[in-house]
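If you want the building blocks of each chain, they are given just below.
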Amino acid sequence: TTTAGVPGACTREDRAPLEVMPERGAPGLATEGTTLWVAGYRFDEGRERVQVMRVSAGRAALEGELVVDPPLTQGRHAAPGLLHDGARTLVAYTDGRGRLFVAALGGAPTLITELADIRLSPTLAKVAGGYAVTFTDSSGPTPRAILVRLNAELGRVAEHVLHPDYMGGTAPFLVREPDGS
């Protein structure tokens, strides 16, 4: 949660606020046990990047950064997608042209589409044989929700239109069932 008057602060129940992301904007969140990962866009000196912080035992540490090129020069409202999978942290993010990428921290990005809507957050999930990313494509007459399957190396496997034109497909998300499916 955010504390009034402290943009980007992560609040702990029993202590003073801990600033995790110093800029305003929606954060991407992932958890494993008692560890929290927070991702957000940072813009300074004409450069933009996605920054991922790991919060554990009351301390925030930089997990990694990804360069966003070209940068988005207006304010962002949508969070990057974030997933922590064992020893690997994945981020889904858009550049200033609306291209959507998925990358593991420290790895090369995979281009998912050139038509993602920058106003809506992508989502990431682990699925059998790899990962899934969902996003909104607003290039047609109406928004369409798209799901792209990736293998474990982040190579494209398949693309599915979840909501075709005129079906109201905005802001898709992924839900994991209790059985892990």
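Residues numbered from 1 in each chain as written. Predicted model: local features only at pLDDT ≥ 70, side-chain atom pairs only at ≥ 80, totals over all residues. Heavy atoms only, no water.

## Quick word on the overall build of the chain
Note the threshold: The way it works is that DSSP assigns letters per residue, a run of H or I at least four long becomes a helix, a run of E at least two long becomes a strand, and they are numbered from the N terminus. Type-normalised accessible area, obtained with a 1.4 Å probe on protein chains alone, sets the label of each residue: buried when under 20%, exposed when over 50%, and partly exposed for intermediate values. Two residues qualify as a contact provided that any one of their heavy atoms is within 4.5 Å of a heavy atom in the partner residue.
Counting its regular elements, the chain contains zero helices and 14 strands. When the elements of the chain are put in sequence order from the N terminus, they spell out β-β-β-β-β-β-β-β-β-β-β-β-β-β. Burial status across the chain gives 41% buried among its 181 residues. Counting contacts in the chain only where the partners sit at least 6 residues apart, residues at least 24 apart contribute 38% of the total.

## With respect to the environment of Ile112
With respect to the helices and strands, the residue Ile112 is situated in strand E10 (residues 110–113). Take Ile112: its relative accessible area is 4%, and that puts it in the buried class. The spacing of Ile112 and Leu100 is twelve residues in sequence and 5.4 Å in space, taken between C-alpha atoms. Among residues more than four places away in sequence, those in contact with Ile112 are Leu100, Phe101, Val102, Val133, Phe135, Val148, Leu150 and Arg156.

## Points about the pairing of strand E7 (residues 81–85)
Side-chain direction in a regular strand flips from residue to residue, so the side chains alternate between the two faces of the sheet. Rule in force here: Strands are labelled as partners when DSSP assigns at least two bridges between them.
Summarising burial for E7: four of the five residues are buried, a large majority. Here five bridges tie E7 to strand E8 (residues 88–94), and the two strands are oriented antiparallel to one another. Within E8, the position partnered with Asp85 by the bridge is Arg88.

## Comments concerning unusual backbone geometry
That bond from Asp69 to Pro70 is cis: its omega, 0°, falls within 30 degrees of zero. Turning to its location among the elements, Pro70 is positioned in the loop between strand E6 (59–68) and E7. If you check the backbone angles, Ala57 has positive phi at about 50° while not being a glycine. Topologically, Ala57 is positioned in the loop between strand E5 (47–56) and E6.

## A word on the confidence of the model for the chain
Short version of the rule: pLDDT is defined as a per-residue confidence score from the predictor, taking values between 0 and 100.
Looking at the chain as a whole, its pLDDT mean stands at 83, while 77% of the residues score no less than 70. Per-element mean pLDDT across the chain ranges from 53 in strand E1 (residues 9–10) up to 97 in strand E9 (residues 100–104).

## So, the environment of Asp85
Put simply, the rule reads: Definition of a polar contact: a pair of N or O atoms within 3.5 Å, with one able to donate and the other able to accept a hydrogen when the atoms are protein atoms, and with sequence-neighbouring residues admitted only if both atoms are side-chain atoms.
Counting through the fold element by element, Asp85 comes out in strand E7. Considering only alpha carbons, one finds Asp85 and Lys126, 41 residues apart in sequence, at a separation of 7.6 Å. Residues within four places of Asp85 in sequence aside, it is in contact with Lys126 and Tyr131. Within the local environment of Asp85, its side chain forms a polar contact with the side chain of Tyr131, the two groups lying 2.6 Å apart.

## Concerning the pattern of salt bridges
Pairs can form between side chains of opposite charge whenever their charged atoms are close. Using the following cut-off: By definition, a salt bridge exists where a carboxyl oxygen of Asp or Glu is found within 4 Å of a side-chain nitrogen of Lys or Arg.
Here the structure, examined in full by the defined rule, presents nine salt bridges. Of the charged contacts in the structure, one is a salt bridge between Arg99 and Asp95, with a shortest N-O distance of 2.6 Å. The pair Arg99 / Asp95 is uniform in exposure class, with both members buried. Residues Arg144 and Asp137 are paired through a salt bridge, measuring 2.8 Å at the closest nitrogen-oxygen approach. The class for Arg144 is partly exposed, based on a relative accessible area of 22%. Linked by salt bridges that have partners in common, Asp44, Arg49 and Glu65 make up one network.

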